[in-house]
Amino acid sequence: MNTLIRSTASCLRSGVAVYLPRQADGRVCSASARLLCAAAGVHKDLGEMVKKDKVVVFMKGTPAQPMCGFSNAVVQILRMHGVDDYAAYNVLEDQDLRQGVKEFSNWPTIPQVYFNGEFVGGCDILLQMHQNGDLVDELKKLGISSALLDAEKESK
């Protein structure tokens with residue numbers, strides 16, 4: 001019981017923000033940790049967190065306000081492909097999450113991107129996938145049609 005109380009208190013203090021899927025009217029909503037305290041354990045059941053949404057990003061800052069160039073690049077790449085429906089976790093607001101996700105993925109840097117619960121990589125990997133066309137294919141496997149494909153069809 002004490003562990004639950006400590007986790008909840010930590011969650012409330014940290015104010016971790018999570019961006020939820022884009023609403024029908026185009027708005028991107030965020031929810032504070034108060035609404036997502038189930039995700040508040042130290043290792044936060046990272047396995048559950050990365051499987052909760054098709055696309056999950058652990059980043060510095062938020063999609064609306066990235067706090068590092070690499071996190072910004074990931075947000076921009078996803079935006080170019082029309083991927084707005086993803087969960088983003090700000091690791092700067094929770095040091096346990098920041099360290100825990102590095103240990104979980106065995107990858108030393110942030111941002112980290114997951115597709116359907118599987119670790120994809122960081123900014124460099126996502127950029128490479130974008131440049132060589134693999135990202136379009138991976139998004140298609142997730143049931144997401146890349147906006148770049150749609151734009152290409154319209155230009156023909």
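Structure: see above.
Sequence order as written defines residue numbering, which begins from 1 separately in each chain. The predicted nature of this model means local features are confined to residues of pLDDT at least 70 and side-chain atom pairs, given and counted, to a pLDDT of 80 or more, with totals for whole chains, interfaces and linings taken over all residues. Derived side-chain values reflect all non-hydrogen atoms in the structure, with water molecules and hydrogen atoms excluded from consideration.

Caption draft 1: Up close: the overall build of the protein chain. In this text, helices come from DSSP runs of H or I with a minimum length of four residues, and strands from runs of E with a minimum of two, each type numbered from the N-terminal end. On a plain count of helices and strands, the protein chain comes out with seven helices and six strands. A burial count over the protein chain gives 38% of its 156 residues as buried. Pairs of residues are marked as contacts when any of their non-hydrogen atoms sit within 4.5 Å. The contacts in the protein chain between residues at least 6 apart in sequence include a share of 59% that link residues at least 24 apart. Areas reported here follow the Shrake-Rupley algorithm with a probe of radius 1.4 Å; residue values treat only the protein chains shown as occluding. Looking at the protein chain as shown, the accessible area adds up to about 8700 Å², and 52% of this sits on carbon and sulfur atoms. Exposure categories follow from relative accessible area, calculated using a 1.4 Å probe and restricted to protein chains: below 20% of the type maximum is buried, above 50% is exposed, and the middle band is partly exposed.

Caption draft 2: Region of the structure containing the side chain of D94. Take D94: it is sitting in the loop between β4 (87–90) and α4 (95–105). Residue D94 is classed as buried on the basis of its relative accessible area of 7%. A distance of 3.0 Å separates the side chain of D94 from the backbone nitrogen of D96, its partner in a polar contact. Polar contacts, as used here, are pairs of N or O atoms within 3.5 Å; protein pairs need one atom able to donate a hydrogen and one able to accept it. Residues neighboring in sequence count only if both atoms are side-chain atoms. In this structure the side chain of D94 is engaged in a polar contact, spanning 3.1 Å, whose partner is the backbone nitrogen of L97.

Caption draft 3: Expanded view of the environment of Y89. As for its placement among the helices and strands, Y89 is situated in strand β4. Classification of Y89 by relative accessible area gives buried; the value is 3%. Y89 sits 32 residues away from V57 along the chain, and the two C-alpha atoms are 6.3 Å apart.

Caption draft 4: Structural detail: helix α5 (residues 123–132). Among all positions of α5, only C123, L126 and M129 are buried. The buried residues of α5 occupy an angular sector of 130° when projected down its axis, which confines them to one face. Buried residues in α5 make contact with α3 (69–80), β5 (112–115), β6 (118–121) and α6 (134–141). Remark: G133 follows α5 within two positions and exhibits a positive phi of approximately 90°. Note that the arc is defined by the directions from the helix axis to the C-beta atoms.

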